[in-house]
Amino acid sequence: MLTMYRPIRVIKILLWINTLFNIGTSQNVQTVNILFINDRTNEVAEDTLNVALNYIRRNPRVGLMIDGLYSVKIGGDDASAILETLCVNYNASIRNNKPPHLVIDTTINGVASEAVKSFTAALALPTVSASYGQTGDIRQWRNLDGEQQKYLIQISPPADLIPEIVRSIVVAQNITNAGIMFDDTFVMDHKYKSLLQNIPTRHIIAAIDDTTSIKLHLTRFRDVDIVNFFVLGKLSIIKSVLDHANSNKLFGRKYAWHVITQDKGSMKCGCSNATILFVKPEPDAGSRERLSNLRTTYGLTSTPELKAAFYFDFYYRSLLAIRSMMNNGEWPTNVTYTTCDEYNEENPLPRRNVDLRRYLKDMTEPPSYAPFLIDTNGHSYEEFTMRLEKVTVLNSQSVSAENVGSWKASLNSPIVVKDAANMTHFSAVTVYRVVTVLQNPFMIQIDDEDGKGVKFKGYCIDLIEEIRKLIGFEYEIYIAPDNNFGNMDENGQWNGMVKELVEKRADIALGSLSVMAERENVVDFTVPYYDLVGITILMKKPQTPTSLFKFLTVLENDVWMCILGAYFFTSFLMWVFDRWSPYSYQNNRNKYKDDEEKREFNLKECLWFCMTSLTPQGGGEAPKNLSGRLVAATWWLFGFIIIASYTANLAAFLTVSRLDTPVESLDDLSKQYKIQYAPLNGSSAMTYFQRMADIETRFYEIWKDMSLNDSLSEVERAKLAVWDYPVSDKYTKMWQAMKEAKLPNTLEEAIERVQSSKSSSEGFAYLGDATDIRYQVMIDCNLQMVGDEFSRKPYAIAVQQGSPLKDQFNNAILLLLNKRKLEKLKETWWNLNPERIQCEKQDNQSDGISIHNIGGVFIVIFVGIGLACFTLAFEYWWYKYKKSSKVANSMNPKQMTMNRGSEFTYPVVQTFNANSGMRSRNIIHGFRQSVGQSSPKQK
């Protein structure tokens, strides 16, 4: 409903009385008529107008008398009704011969404001407007010509400038996200696009309607990961918002709160522990006395004080500008006013040389709150100052309020801080929730130093730290509830890290997460940070038994015992034949006395002959008798066969022991049945084999349907007739074998099954990510990685779908890649890993026989040398002992006297009677004693 107010009769009477009373003391009193157009909701503007008129009336020095005052309240969205109301009042002023010198417009925005602008521009009425909006926001004044800009003036109210501090804070703090809430004391309709325009800050601007809307906005901000909050409103609204934030636990190092108000006073909050940046206006030092005088003397008590002071100065300075123009003769005296009925759109009214803007700009009247800056429309405003305080609240009590800086109202004014370090408390530390899965060496959980918690280390921790240095954020790591990477079931439901991202419980999924097509449908992946990683096979390393005396294991123990028995038997037999044969050397010495080799085959010589006959050195002189030679020849033949068999079997035995590698690829694994194999349950490897089996089954069904299709011609059907199955069923059989082998649920279980295998050709083989298997091989010398990688996929970091982190992380990872930081991480966690074990080199088929298998021969040498040394010592001792015993026994002290220098000889002569065949031995003892002879003669 539109309401029109005519000038109040009482006010007119008072004005005339005031004029008559001061007629003698005041000069150049100018009479001014005003058309005051106000928004129905703008009570402060109406109340302040009365204060301004009262101030003019009580101060004759001003030289103004308000004669005609036409006040109109408008509102709503009916432009025609608004214009009708304006025309009624305007036409009445013309009929009363009191047309308005000045139109004062305090409408806020919207249809009412645009209707006023259209009305004043069409009728060429000098107007000062305090409507909201920057350049181009007021559509009806968007295309004013040069003359119109002189008298159609817009000055932005404080509430239109205060939101600009949000932009200044965002720029100063480099804030990447912002949640902005405002109440009805601010108008943000035109700020949605312009407030943070050209700033890379993700933000939401929301109006506060009631308590319920506060809860909804906070929940919405939290759901979209906004952690920097701005609240613009009355102190009571601010308290309500902060109380709700406290109940929702939105305070702490990961959140930043900025509260901005037009009110004066202290901020109140029921917060348990919060640090808040409180921004409020404060008058200039030179204007405080004047403002206090207006408040106490003239009743300028409307709130907010900043708004009331602005309207006062806005009215007062506008009227003073009209007065100055009249005094200087620059106000036109022959102004023609056209009623709304007479207005013709095709013949616009001219209004020239009414430069009201210049007089407002040159105004020297001291301000009541802060000076005015008059420029073009959208850039004219009051340059007030906002005070920035750091308020600390504990247990609902403000324990401190420290002044940290100030901001002068402007469209691009920076924040002036006393100490830049203080502002760090008001920038939310961006804390992302990082979900991960434990996997060496990418993510390792260790106990904290104090033993009260846990922390993480690994390749991915170093990676996220490098990214954090480039982007600037903090993070909190937690392990996925099921410690899975993320797989989709038959119902399309996810588990693991992917589920945490989908349900927005985590911001980042960090780990050795493979990029897969189905995962990309629900989450976003960054560029890969790791090389392509495939699936490979983990098996127990073949343990080739080694022995220093491996050369003895070529023949079984029974064979060795038989050879040893044959050796002793042959040696004994040779000794017997040589002793009893009449043609042996020891029984027929005269016959062989001229031979160079004279060898008596006693038992010791027979043992030595048989032993040396098995060596390349040979046995030496053979027996003289034919029977002995037959025994020797038989032994030589036996030794040749044994040595040849031993040599051949030794080479084959050592070679075959190094060829025990039954599985070298996935195909080898699929073709055998002794080794069970399976991937980890729920892993990407399991998904690969399951899908490959399903694809083979589908291809078979397609081929079968095509083959049995009756609609095909005989020729087409013949082309599909083949003897062999055209599609391989390799993965179908493997998947069936995996299910029969039972898939392990954890990596530890899989490793245990591999280690418990009987050998490399019988037991269990694990199929999994190559990085998992490579790490296990790196820390366990009993394991080996078999075959090449297949189904290779890159590792990447996953974020929520549509998250801005994707682009930020992409840039950071590419920068790290260019700096070769990723290569250094690989070197650190693979080649230089402290868990790495230096395993002994496994015998290769191309290598020679190792010392572990042939070293026993050196032991034999050392034992033989040691035994020889012992024998030498024994021989020396035995010789000395026997010699001294013989000398003592051969001398009788009763029969002979030994002189010094005498010697004894004991020649022994053996004779053989060939006719009787009997042996006789004559031992002739003789001695000769000589005294003084240099050498004895032997007879």
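Cut-offs used in this document
Residues numbered from 1 in each chain as written. Predicted model: local features only at pLDDT ≥ 70, side-chain atom pairs only at ≥ 80, totals over all residues. Heavy atoms only, no water. Pairing = 2+ DSSP bridges. Helix = DSSP H or I, 4+ residues; strand = E, 2+ residues; numbered from the N terminus. Contact = heavy atoms within 4.5 Å. Axes fitted to C-alpha atoms, helices over the stretch in contact; angles between N-to-C directions. UniProt positions renumbered as here; feature names shortened; annotations may be inferred. Buried < 20%, exposed > 50% of the residue type's maximum accessible area, 1.4 Å probe, protein only. Polar contact = N/O pair within 3.5 Å; in protein donor to acceptor, adjacent residues only side chain to side chain. Parallel < 35°, antiparallel > 145°, perpendicular 65-115°, else oblique. Left-handed = near helix turned anticlockwise from the far one by under 90°. Nonpolar A, V, L, I, M, F, W, Y, C, P; charged D, E, K, R; others polar. Patch = residues over 30% accessible without salt bridge, like charges linked within 9 Å, V, L, I, M, F, W, Y side chains within 5 Å. Areas by Shrake-Rupley, 256 points an atom, 1.4 Å probe, with all protein chains shown as cover. Salt bridge = Lys/Arg side-chain N within 4 Å of Asp/Glu carboxyl O.

Caption draft 1: Fine view of the sheet that holds strand E10 (residues 256-260). In space, the eight strands of this open sheet follow the order E8-E7-E9-E10-E11-E14-E15-E16, with mixed pairing throughout. The strands lining the two open edges of the sheet, one partner per strand, are strand E8 (202-207) and strand E16 (416-417). As defined by bridge partners, strand E11 (residues 273-282) adjoins strand E14 (residues 385-394) across ten bridges and the pair is classed as antiparallel. The partner of Glu 282 across the bridge, within E14, is Thr 385. In the packing of helix H8 (residues 211-223) onto the sheet, the strands contacted are strand E7 (177-182), E8, strand E9 (228-232) and E10, and the crossing angle to E8 comes to about 170°.

Caption draft 2: Layout of the UniProt feature "binding site: L-glutamate" (unreviewed entry) in the chain. In the UniProt entry, the feature "binding site: L-glutamate" (unreviewed entry) is given for Ser 514, Arg 519, Ser 684 and Asp 769. Within the secondary structure, Arg 519 is located in helix H15 (residues 517-520). Take Arg 519: its relative accessible area is 2%, and that puts it in the buried class. Excluding anything up to four places from it in sequence, Arg 519 contacts Phe 485, Gly 486, Asn 487, Trp 494, Val 498, Leu 513, Ser 514 and Phe 525. At 2.8 Å, the side chain of Arg 519 and the backbone oxygen of Ser 514 are in polar contact.

Caption draft 3: Molecular detail of the packing of helix H2 (residues 43-58) against helix H11 (residues 305-327). In contact at an axis separation of 9 Å, H2 and H11 are set at 50° when each is read in the N-to-C sense. Here H2 lies oblique to H11, going by the angle between them. As for the relative orientation of H2 and H11, their crossing is right-handed in sense. Across the interface between the two elements, Val 44, Ala 45, Glu 46, Thr 48, Leu 49, Val 51, Ala 52, Tyr 55 and Ile 56 from H2 touch Lys 307, Ala 308, Tyr 311, Phe 312, Tyr 315, Tyr 316 and Leu 319 from H11. Tallied by class, the residues present in the contact of H2 with H11 amount to 13 nonpolar, one polar and two charged.

Caption draft 4: Inspection of a nonpolar patch on the surface at higher detail. A cluster of nonpolar side chains, namely Leu 867, Phe 870, Phe 874, Trp 877, Trp 878 and Tyr 881, defines an oily patch on the protein surface of about 720 Å² accessible area. Mapped onto the secondary structure, Phe 870 falls in helix H28 (residues 856-890). Phe 870 sits in the exposed class, given a relative accessible area of 59%.

Caption draft 5: Local environment of the packing of helix H16 (residues 557-580) against helix H17 (residues 603-612). The N-to-C vectors of H16 and H17 enclose an angle of 130°; their axes lie 8 Å apart at closest approach. It follows that H16 is oblique to H17 by the angle criterion. For the element pair H16 and H17, the recorded crossing hand is right-handed. In this structure, H16 uses Tyr 567, Phe 568, Thr 570, Ser 571, Phe 572, Met 574 and Trp 575 to contact H17, whose residues at the interface are Leu 603, Cys 606, Leu 607, Phe 609, Cys 610 and Met 611. Among the residues making up the contact of H16 with H17, the classes are represented as eleven nonpolar, two polar and no charged.

Caption draft 6: Quick peek at unusual backbone geometry. Of note, the amide linkage connecting Thr 303 to Pro 304 takes the cis form, showing an omega dihedral of 0°. Note that Pro 304 resides in the loop between helix H10 (288-297) and H11. Look at the link from Asn 440 to Pro 441: it is a cis peptide, with omega at -5°. The backbone of Ser 396 shows a phi angle near 70°, a positive value even though the residue is not glycine. On the secondary structure map, Ser 396 appears in the loop between E14 and strand E15 (397-408).

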